[in-house]
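This is what each chain is made of:
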Amino acid sequence: MCGYFAKAVVCESGHLVTSNAESEKGPVTPYCMTCGKKIIDKCQHCGQDIPGEEFAETNGLEITYDGMGTTSGPLHESLGFRGVPKYCPSCGKPYPWTQSAIEAALDYIDTLIVLDTSERHDMKKALDNIVADSPKSAPAARRLVQLSRKAGKEALKFFQQVLAGVVCEAAKREMWG
Ligand SMILES: [Zn+2]
Ligand SMILES: [Zn+2]
């Protein structure tokens, strides 16, 4: 085994409890103190741990004493935490916080009746590309901004608020200018 991810503990809205469950002292509470949602540490689709802090193997040796004797293994060093992930790397499904942000945005788009049906459809299509990082992200974000402006001054503000935690970097630059 070379590198690995520590287990992250996150609430269903995406509030981080810890990026390294093993280093946490004391029990994790069952509900989030910020939003009251359930706290999870596994993908709800495939059951794999949510990846937290990343560790890489070094040339050093780590000696651990387990009460019976000592064992040695490669020493790992932390590469830090990249932030709460959006998608499960094991099954590719969105985590609940990603899902609920997308659903909130989709519901909101339905209320933008100043736009015609095809524009609302365009907006919904753009949404997927804004969350998943790809070459389509920046143009999709530009389209969302453009249609939001047409929909009224509250629309972009709403998307900025609801999607803040889940849009990819390229889309962020477009949406926040
Ligand atoms: Zn929360
Ligand atoms: Zn999964």
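Note that the coordinates shown come from a computational prediction; the quantities given were computed from them, not determined experimentally.

## So, the domain arrangement of the protein chain
1) Next: Domain boundaries in the protein chain define domain 1 (4-80) and domain 2 (96-176).
2) Next: Relative placement of domain 1 and domain 2: their C-alpha centres are 32 Å apart.
3) Next: The interface is formed by 4 residues belonging to domain 1 together with 4 residues belonging to domain 2.
4) Next: When grouped by side-chain class, the residues that make up the side of domain 1 that touches domain 2 number no nonpolar, 3 polar and 1 charged.

## Some thoughts on helix α3 (residues 137-151)
1) Next: Taking 1.5 Å per residue, 15 residues should reach 21 Å; α3 reaches 21 Å between its end C-alpha atoms and fits that length.
2) Next: Looking at α3, one finds that the buried residues are S137, A140, A141, R143, L144, V145, L147, S148 and A151.
3) Next: In this structure, the buried residues of α3 make contact with α2 (117-131), α4 (153-163) and α5 (169-176).
4) Next: Where α3 ends, the next residue or the one after it, G152, has phi of about 125°, a positive value.

## A few points about the nonpolar core
It is characteristic of soluble globular proteins that their nonpolar side chains tend to be buried jointly.
1) Next: One finds A105, L127, I130, L144 and L163 to be the most contacted residues of the largest nonpolar core, which totals 31 residues.
2) Next: Counting residues per element, the ones that place at least two in this core are β2 (9-11), α1 (96-111), α2, α3 and α4.
3) Next: Shared between two domains, this core takes at least three residues from each, and those domains are domain 1 (4-80) and domain 2 (96-176).

## Observations concerning the sheet that holds strand β4 (residues 39-40)
1) Next: Overall, antiparallel pairing links the 3 strands, which are arranged β3-β2-β4 in an open sheet. Of all strands in the sheet, those with a lone pairing partner are β3 (16-18) and β4, marking the two edges.
2) Next: Relative to β4, β2 runs antiparallel, the two sharing 2 bridges. Directly across from V10, in β4, lies its bridge partner I40.

About the thresholds
Residues numbered from 1 in each chain as written. Chains lettered and ligands numbered in written order. Predicted model: local features only at pLDDT ≥ 70, side-chain atom pairs only at ≥ 80, totals over all residues. Domains from an automatic or database assignment. Contact = placed C-beta atoms within 7 Å. Nonpolar A, V, L, I, M, F, W, Y, C, P; charged D, E, K, R; others polar. Helix = DSSP H or I, 4+ residues; strand = E, 2+ residues; numbered from the N terminus. Expected span 1.5 Å × (residues − 1). Buried ≥ 20, exposed ≤ 12 C-beta atoms within 10 Å, placed from the backbone. Core = buried A, V, L, I, M, F, W, Y, C linked by C-beta atoms within 7 Å. Pairing = 2+ DSSP bridges.

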